Amino acid sequence: VAPIGRIADATPTFNWNTVPAADRYELVVTENFGSRVQVINQLNITSTSFTQPTDLPLGRYQFTIRAVNLPAAGSSFGPAFSTISSTYDFTISERPTVTGPLPTTFLARPTVEWTNPLGAGASPVSEVWLNKIENGVSRKIISQAGVSGTSWVIPVDLVLGTYQVYVRTTSAVDPAIASDWSIA
């Protein structure tokens, strides 16, 4: 059964095992925070997988699967439902993408720029982390939490060298969830 745990894909593929004699499956996904809004309700899946076509916001979710056995043709009985699956938890943790500065810059205070995950909400905040690499060792130079928008000017002069920058975004929809760190 998938997805379970933290996943970096905002359009997850749900997979489950075949149930003998099932004619179709129902997939229900709800937010696992706040009002527990239902975000997916697919009632006529004929395979054992479903890929969400649009991005889900950063956040915590739960899903269940139900197998449905349809009555024989001409029967006056309604569908006989199998037991509903256990509830499975997953978290969308799609990472932001750092878009600047360019790999080579001679600015003492360059601007770090990024794109937030599509599901981050209307006004997410981010955390930026800057490391300097010396003699193969990476050490933190500065970090800043609570950055609004998608850019941040490094507030100290950097000396010539090699640096790595990382960004993670906190969901405006589910503030308890931060994305995975960007790739340096």
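Structural data are supplied above this passage.
In this text, all values refer to a predicted model and were calculated from it rather than measured experimentally. (Residues numbered from 1 in each chain as written. Predicted model: local features only at pLDDT ≥ 70, side-chain atom pairs only at ≥ 80, totals over all residues. Heavy atoms only, no water.)

S.K.: When you look at the nonpolar core in this model, what are you seeing that I'm missing?
M.R.: In this structure, Phe14, Leu27, Val29, Phe90 and Ile92 are the most contacted members of the largest nonpolar core, which totals 20 residues. Taken together, the elements giving at least two residues each to this core come down to strand S3 (24-31), strand S4 (38-45), strand S6 (59-69) and strand S8 (88-92). The leading source of residues in this core is S6, at 4 residues. Residues within four places of Leu27 in sequence aside, it is in contact with Phe14, Ile40, Asn41, Gln42, Ile45, Phe50, Phe63, Thr64 and Ile65. (Core = buried A, V, L, I, M, F, W, Y, C linked by side-chain atoms within 4.5 Å. Buried < 20%, exposed > 50% of the residue type's maximum accessible area, 1.4 Å probe, protein only. Helix = DSSP H or I, 4+ residues; strand = E, 2+ residues; numbered from the N terminus. Contact = heavy atoms within 4.5 Å.)

S.K.: Hey, could you run me through the layout of surface pockets in this one?
M.R.: Vacant regions in the atomic arrangement are exposed by a probe of water-molecule size rolled over the atoms. Volume-wise, the largest pocket comes out at about 530 Å³. Around the largest pocket, the lining is made up of 25 residues, and of these Pro101, Leu102, Pro103, Thr105 and Tyr163 lie nearest the centre. At the level of elements, strand S9 (97-100) and strand S14 (162-170) are the ones that each hand at least two residues to the lining of the largest pocket. Looking at which element gives the most residues to the lining of the largest pocket, the answer is S14, with 4 residues. For the lining of the largest pocket, a count of residues per class yields 18 nonpolar, 7 polar and no charged. (1 Å grid on protein atoms, 1.4 Å probe; cavity = no way out; pocket = protein on both sides within 12 Å on 5 of 7 lines; lining within 4 Å. Points joined across faces, edges and corners; volume = space filled by probe spheres on them. Nonpolar A, V, L, I, M, F, W, Y, C, P; charged D, E, K, R; others polar.)

S.K.: How should I be thinking about the packing of aromatic side chains in this particular structure?
M.R.: In this description, an aromatic ring pair is defined by two values, namely the gap between the centres and the angle between the planes. In the structure shown here, the tally under the stated rule is 7 aromatic pairs. Between the aromatic rings of Phe14 and Phe90, the centroid separation amounts to 5.6 Å while the plane-to-plane angle is 75 degrees, which identifies the pairing as edge-to-face. With Phe14 in strand S2 (residues 13-15) and Phe90 in strand S8, this pair connects stretches of sequence that are 76 residues apart. Phe90 matches Phe14 in its accessibility class, with the two residues each being buried. On the numbers, 5.4 Å between centres and 20 degrees between planes, the contact of Tyr61 with Phe90 is stacked. Of this pair, Tyr61 sits in strand S6 while Phe90 is found in strand S8, placing the two residues 29 residues apart along the sequence. By relative accessible area, which is 0% here, Tyr61 ends up buried. Under the relative-accessibility criterion, Phe90 is labelled buried at 1%. Among the aromatic residues, ring-to-ring pairing joins Phe14, Tyr61, Phe63, Tyr88 and Phe90 into one connected group. (Phe/Tyr/Trp six-rings, centres within 6.5 Å; stacked < 30°, edge-to-face > 60°.)

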